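The residues making up each chain are set out below.
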Amino acid sequence: MNIEAFKSSISLESPPPDLSPYLKSLWYDAKENWDTAHSIIQDIEDRKASWIHAYLHRKEGDHSNADYWYYKAGKERPDYSLSEEWNRIVSSLINASL
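Anyway, here's the lowdown on the structure attached to this text.

1. Regarding the packing of aromatic side chains
Right, on to step 1. All told, the structure shown has three aromatic pairs when counted by the stated rule.
Right, on to step 2. For the ring pair tryptophan 27 and tyrosine 28, a centre distance of 5.0 Å and an interplane angle of 85° mean the geometry is edge-to-face.
Right, on to step 3. One Lys or Arg, arginine 88, reaches over the ring of tyrosine 80 and ends 3.9 Å from the middle of that ring.

And the structure:
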């Protein structure tokens, strides 16, 4: 799947069945379903999940919690928009799977 196909899938009622849990979390986030996005990612313990977890808490406005997850991801809280961060995470995940 490329980024255009992923973004197009957001218009669907449910996520494509072959999405990784990382992309599924971001799919639900794009659908404005923060709770489902968070519940998918919160129990995965790796750097990719930590980055998404950080992004979700940044979006929520809980910066201290976000900073903890950015640390776990080996990143710092960015100074660019949430939309830009979402795009960077999605691109990183899709490019890693190619």
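What follows continues from the structure just given.
2. Things to note about helix 4 (residues 47-60)
Residues spaced three or four apart along an α-helix face the same direction, because each turn holds 3.6 residues.
Right, on to step 1. The terminal C-alpha atoms of helix 4 lie 20 Å apart, and with 14 residues this matches the ideal 20 Å at 1.5 Å per residue to within 8%.
Right, on to step 2. For helix 4, the tally of buried residues reaches 10 of 14 residues, placing the bulk of the element in the interior.
Right, on to step 3. When we look at burial in helix 4, the residues that qualify are Ala49, Ser50, Trp51, Ile52, His53, Ala54, Tyr55, Leu56, His57 and Arg58.
Right, on to step 4. Two to three positions downstream of the cap, the backbone nitrogen of lysine 48 sits 3.2 Å from a side-chain oxygen, assigning the N-cap of helix 4 to aspartate 46.
Right, on to step 5. Among the residues trailing helix 4, glycine 61 stands out with phi positive, at a value near 95°.

3. Things to note about unusual backbone geometry
Peptide bonds are trans in most cases, and residues, glycine excluded, mostly fall at negative phi.
Right, on to step 1. Positive phi, normally seen in glycine, also occurs at glutamate 32, with a value near 65°.
Right, on to step 2. Relative to the helices and strands, glutamate 32 resides in the loop between helix 2 (21-30) and helix 3 (34-41).

4. Considering the nonpolar core
Right, on to step 1. Within the largest apolar cluster, 25 residues are counted, with the highest numbers of intra-cluster contacts made by Phe6, Leu26, Ile52 and Val90.
Right, on to step 2. When residues of this core are traced back to their parent elements, those giving at least two are helix 1 (3-9), helix 2, helix 3, helix 4, helix 5 (63-73) and helix 6 (82-97).
Right, on to step 3. The greatest single-element share of this core, amounting to six residues, is contributed by helix 4.
Right, on to step 4. Every residue in contact with isoleucine 52, bar those within four places of it in the chain, is listed here: Tyr22, Ser25, Leu26, Ile41, Ile89 and Leu93.

5. Quick word on the pattern of salt bridges
Right, on to step 1. Summed over all chains, the structure comprises four salt bridges.
Right, on to step 2. For the salt bridge of aspartate 29 with lysine 59, the shortest nitrogen-to-oxygen distance reads 2.8 Å. Of the two residues, aspartate 29 is situated in helix 2 and lysine 59 in helix 4; the sequence distance between them amounts to 30 residues.
Right, on to step 3. A residue is classified by how much of its surface remains accessible, and lysine 59, at 29% relative accessible area, is partly exposed.
Right, on to step 4. Arginine 58 is the salt-bridge partner of glutamate 85, the closest N and O atoms lying 2.7 Å from each other. Placement of the pair is glutamate 85 in helix 6 and arginine 58 in helix 4, with a sequence separation of 27 residues.
Right, on to step 5. With relative accessibility at 0%, the residue glutamate 85 sits in the buried group.

Reading guide: rules and limits
- What you see as residue numbers is a count from 1 along each chain, following the sequence as written.
- Reporting in this predicted model follows two pLDDT cut-offs: at least 70 for local features of residues, and 80 or more for side-chain atom pairs to be given and counted; totals over whole chains, interfaces and linings ignore these cut-offs and use all residues.
- Hydrogens and waters are ignored; side-chain quantities use all the structure's heavy atoms.
- Only rings of Phe, Tyr and Trp enter the pairing, Trp through its six-membered ring, and a pair is recorded when the two centres are within 6.5 Å. The plane angle decides the type: under 30 degrees is stacked, over 60 is edge-to-face, the rest tilted.
- A ring is scored as having a charge over it whenever the NZ atom of a lysine or the CZ atom of an arginine sits within 6 Å of its centre and within 35 degrees of its normal.
- Numbered from the N terminus, helices here are DSSP runs of H or I no shorter than four residues, and strands are runs of E no shorter than two.
- Each residue after the first adds 1.5 Å to the expected span of a helix.
- Using a 1.4 Å probe on the protein chains alone, a residue whose accessible area is under 20% of its type maximum counts as buried, one over 50% counts as exposed, and one in between counts as partly exposed.
- By the criterion applied in these results, polar contacts are pairs of N or O atoms within 3.5 Å in which, for protein atoms, one can donate a hydrogen and the other can accept it, and in which residues neighboring in sequence qualify only through two side-chain atoms.
- Each nonpolar core is a collection of buried residues, namely Ala, Val, Leu, Ile, Met, Phe, Trp, Tyr and Cys, held together in the definition by side-chain atoms within 4.5 Å.
- In what follows, residue pairs with any heavy atoms lying within 4.5 Å of each other are defined as contacts.
- By definition, a salt bridge exists where a carboxyl oxygen of Asp or Glu is found within 4 Å of a side-chain nitrogen of Lys or Arg.

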